[in-house]
Amino acid sequence: MASGLPKMAARVVTCLFTTDAGSVTASQLAQRLQVSPASISKAIAFLEGQSLVRRERDERRRDRYLVDDELFYQATIASARSNDQLVATAREGVAILGPGTPAATRLENIARFLDFISESIVRAAEQAREVLHTKPAAASTGTAQAGPGRG
């Protein structure tokens with residue numbers, strides 16, 4: 001889980017993914033991870049900014065934090081789309097440098113590469129989205145439910 005996330009944010013998101021309740025309060029996170037509330041607050045702010053955590057109010061009006069399947073899908077799409085600005089900037093560079101120059105050719109190749117990667121990620125996420133909503137088969141059957149491309 002730590003790949004690409006600050007250490008505390010990775011610990012928080014791991015705790016959220018592994019709780020059976022599906023959500024926890026900030027104080028529960030601080031207690032489970034044995035860290036200060038300020039550490040939790042900073043990690044939650046980062047995770048919310050990355051669309052990896054969602055905040056809800058419970059019946060006692062306390063904030064509860066959770067991850068759900070749609071948030072992971074949305075974060076994947078947002079990550080893919082974040083390349084759009086890089087593509088636009090590279091293409092502006094092509095126009096400034098003049099088509100046909102070696103530098104402009106490099107920039108255009110970067111733009112085309114990022115465009116292709118982003119579109120591939122979006123397409124794959126759309127195709128695999130149902131996997132996030134797949135329920136495991138009953139333990140008594142001994143078979144796992146197949147997702148896209150499996151089974």
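The structure presented is a predicted model; accordingly, all values stated were derived computationally and were not measured.

Turning to the environment of Val 24, a few remarks are in order. Within the secondary structure, Val 24 is located in strand β1 (residues 23–25). Considered as a pair, Val 24 and Tyr 65 are 41 residues apart in the sequence and their alpha carbons are 5.4 Å apart. With residues near it in sequence (within four places) discarded, Val 24 still touches Leu 16, Thr 19, Leu 29, Arg 32, Asp 63, Arg 64 and Tyr 65.

Another point: the pairing of strand β2 (residues 54–57). Inspection of the sheet shows β2 paired to strand β3 (residues 63–66) by four bridges, in the antiparallel sense. Residue pairing for β3: Arg 54 is matched across the bridge by Leu 66.

The final tally for this structure, using the stated rule, is eight salt bridges. Between Arg 55 and Asp 63 there is a salt bridge, with its nearest N and O atoms 3.0 Å apart. Note that Arg 91 is salt-bridged to Glu 108, the shortest N-O span being 3.2 Å. Separated by 17 residues along the polypeptide, Arg 91 in helix α5 (residues 83–97) and Glu 108 in helix α6 (residues 102–128) bring together distant segments of the chain. Linked by salt bridges that have partners in common, Glu 48, Arg 55, Arg 57 and Asp 63 make up one network.

Right, let's get into the nonpolar core. In terms of nonpolar packing, the biggest core is built from 20 residues, with Val 12, Leu 16, Leu 29, Ile 40, Ile 44, Leu 47 and Val 53 touching the most fellow members. Of all the secondary-structure elements, those providing two or more residues to this core are α1 (7–17), α2 (26–33) and α3 (37–49). When residues no more than four places from it in sequence are discounted, the contact partners of Val 12 are Leu 29, Leu 33, Ile 40, Ala 43, Ile 44 and Leu 47. Formed by five residues, the second largest nonpolar core is a distinct cluster that contains Tyr 73, Ile 77, Val 122 and Ala 125.

Rules behind the numbers
Numbers given for residues are sequential positions, taken from 1 along each chain in its written order. Only residues with pLDDT of at least 70 are given local features in this predicted model, and only at 80 or more are side-chain atom pairs given and counted; all residues enter the totals for whole chains, interfaces and linings. As a convention, hydrogens and water are excluded, and side-chain values are obtained from all of the structure's heavy atoms. Helix and strand definitions follow DSSP, with helices as H or I runs of at least four residues and strands as E runs of at least two, each counted in order from the N terminus. Should any heavy atoms of two residues lie within 4.5 Å, those residues are counted as being in contact. For two strands to pair, DSSP has to find at least two bridges joining them. By salt bridge we mean one thing: a side-chain nitrogen of Lys or Arg within 4 Å of a carboxyl oxygen of Asp or Glu. Only buried residues count toward a nonpolar core, which is a set of Ala, Val, Leu, Ile, Met, Phe, Trp, Tyr and Cys residues joined through side-chain atoms within 4.5 Å. In this scheme, a residue with accessible area under 20% of its type's maximum is buried, one over 50% is exposed, and one in between is partly exposed, where area comes from a 1.4 Å probe on protein chains only.

Everything listed here is a matter of coordinates, which is why it stays silent on function.
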